[in-house]
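# Working through the structure, step by step
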Amino acid sequence: MFSKLLKIGELAHLNHISVGTLRHYDEIGLLKPEYVDPETNYRYYSIEQSALIDIIQFLKNFDFSLDKIDLLLNSSNIDLLYKEICSQKLILTEYKDEIDRKISLIQQFKESIDTYVQNKNKNELEILKFNQRRIYTYSISKNIYEMTVDEYEYYLREFKIHLAKAKIPLAYFNRVGSIMDKNYFINKQFFSNELFIFLPTSQNINLKTKNIPAGNYATYFCNSFEEELPALNTLYDLIKSKNLTVTGDYICEVVYEIPNKSKNNRKMFIRLQIPVSL
């Protein structure tokens, strides 16, 4: 009923694999044909070799290299197999963590766009409730409110280089902010020399981080680095006019940023915020 040997195309069809792949497996010695016609060089396989194809396809699901698969199929050492399986599981777990991080970051980016769309024309103080947020800070040598835009860019490069050396993923650099001690804000002596990036609370980083407390925050928006200082004065006046009590440090958060390629400059949408008691 069944022919003893199968042509390469027949074996490929039965195993949902391409002829080219079987030829490659032959060339690298992973799966040799049962017989090669010396006159035509046609390859012939036995149906039993499908078992090898099954395990090759199974192990490829876990991103084992063909060299590693060949090593495992040539060994009957169960300890070696167990060791390689555990090692590959660890690698896949690291891949998963990286994918989860990227999904989290792109979700944050989507939320940033939503915030921009919903608030880009807003020109009023709003009280928002925030959960606790985790940040990594970096001190610089000059007051941000005495800088030019170019100076600000150079200090951002300094921060970025520091993050790279600290092995913090630079994907978190897309939302850089700054912090001002609440006493500077209360006294209207605007001074900040501390930059920060947000980090997920689940991120395992062996560096000193800070938590921004949960609570009610007075918020106000502006559209550029140059606009922050005037907006900061406006926020200060609005808080005083509404008899709100400042309870913590001021935060400048770059919510959304897509530079304009034709203008070659930084385009920011900034959320000014400071914790208050109502």
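These notes cover the structure that comes with them. Note that the structure is a prediction, hence the values are computed from the model and not measured.

Thresholds applied
- Residues numbered from 1 in each chain as written.
- Predicted model: local features only at pLDDT ≥ 70, side-chain atom pairs only at ≥ 80, totals over all residues.
- Heavy atoms only, no water.
- Phe/Tyr/Trp six-rings, centres within 6.5 Å; stacked < 30°, edge-to-face > 60°.
- Helix = DSSP H or I, 4+ residues; strand = E, 2+ residues; numbered from the N terminus.
- Buried < 20%, exposed > 50% of the residue type's maximum accessible area, 1.4 Å probe, protein only.
- Lys NZ or Arg CZ within 6 Å of the ring centre and 35° of its normal.
- Pairing = 2+ DSSP bridges.
- Axes fitted to C-alpha atoms, helices over the stretch in contact; angles between N-to-C directions.
- Parallel < 35°, antiparallel > 145°, perpendicular 65-115°, else oblique.
- Left-handed = near helix turned anticlockwise from the far one by under 90°.
- Contact = heavy atoms within 4.5 Å.
- Nonpolar A, V, L, I, M, F, W, Y, C, P; charged D, E, K, R; others polar.
- 1 Å grid on protein atoms, 1.4 Å probe; cavity = no way out; pocket = protein on both sides within 12 Å on 5 of 7 lines; lining within 4 Å.
- Points joined across faces, edges and corners; volume = space filled by probe spheres on them.

### Observations concerning the packing of aromatic side chains
Counted under the stated rule, the structure contains 16 aromatic pairs. When the centroid spacing of 5.2 Å and the interplanar angle of 10° are considered together, the rings of Tyr138 and Phe159 count as stacked. Of this pair, Tyr138 sits in strand β5 (residues 133-139) while Phe159 sits in helix α6 (residues 149-165); the two residues are 21 residues apart in sequence, bridging distant segments of the chain. Assessed through its relative accessible area of 0%, Phe159 is described here as buried. A ring pair is formed by Phe196 and Phe198, whose centres lie 5.0 Å apart and whose planes are at 85°; its orientation type is edge-to-face. You can call Phe196 buried: its relative accessible area is 0%. Given a relative accessible area of 12%, Phe198 falls into the buried group. Among the aromatic residues, those joined into a cluster by ring pairs are Phe109, Tyr116, Phe221, Tyr256 and Phe269. Above the face of the Tyr217 ring, Arg133 is positioned so that its terminal group lies 5.3 Å from the ring centre.

### Comments concerning the pairing of strand β11 (residues 250-257)
Among the eight residues that make up β11, eight are buried, leaving the element largely enclosed by the rest of the structure. Across four bridges, the pairing between strand β6 (residues 176-180) and β11 is antiparallel. The residue bridging Ile179 from the neighbouring strand is Ile251, located in β11. Bridge analysis of β11 against strand β12 (residues 268-277) gives six bridges, and the strand direction is antiparallel. Opposite Glu253, over in β12, you have Arg271 as the bridge partner.

### What to know about the packing of helix α1 (residues 8-15) against helix α2 (residues 19-27)
Between two packed helices, both the angle of their axes relative to each other and the distance between the axes serve to describe the pair. Where α1 contacts α2, the two axes come as close as 9 Å, and the packing angle between them is 110°. Relative to α2, α1 is oriented roughly perpendicular. Considering the relative orientation of α1 and α2, their crossing is right-handed. From α1, Ile8, Gly9, Leu11 and Ala12 reach across to α2, where they touch Val19, Leu22 and Arg23. Residues of the contact of α1 with α2, tallied by class, amount to five nonpolar, one polar and one charged.

### As for empty space enclosed by the protein
All told, the structure shown has two cavities of 30 Å³ or more when counted by the stated rule. Roughly 70 Å³ of internal volume is contained in the largest cavity. Every element with two or more residues in the lining of the largest cavity is listed here: β6, α8 (225-241), β11 and β12. Among the elements that take part in the lining of the largest cavity, β6 stands out by supplying three residues, more than any other. Looking at the second largest cavity, its volume works out to about 50 Å³. Lining the second largest cavity are Tyr116, Asn223, Tyr256, Glu257, Ile258, Lys267, Met268 and Phe269. Elements that contribute at least two residues to the lining of the second largest cavity include exactly β11 and β12. Residue composition of the lining of the second largest cavity, by class: five nonpolar, one polar and two charged.

### Focus on unusual backbone geometry
For residues other than glycine, phi is negative in most cases, and the peptide bonds are mostly trans. A positive phi angle, near 65°, is found at Asp63, a position not held by glycine. Unusually for a residue other than glycine, Lys188 sits at a positive phi of about 55°. Along the chain, Lys188 turns up in the loop between α7 (182-186) and β7 (194-199).

### Here we look at the sheet that holds strand β1 (residues 5-7)
Across the sheet, three strands lie side by side as β1-β3-β2; this open sheet has antiparallel pairing. In this open sheet, the two strands that pair with only one neighbour each are β1 and β2 (35-36). Note: β1 against strand β3 (residues 43-46), three bridges, orientation antiparallel. Each bridged residue has a counterpart across the sheet, and for Leu5 the counterpart in β3 is Ser46.

### Some words on the packing of helix α3 (residues 50-60) against helix α4 (residues 66-73)
Packing of α3 against α4 leaves a shortest axis separation of 10 Å and a crossing angle of 130°. The angle between α3 and α4 falls in the class oblique. Crossing of α3 over α4 shows right-handed handedness. Every residue of α4 that contacts α3 at Leu52, Ile55, Ile56, Leu59 and Lys60 is listed here: Leu66, Ile69, Leu72 and Leu73. Its residues placed into classes, the contact of α3 with α4 shows eight nonpolar, no polar and one charged.

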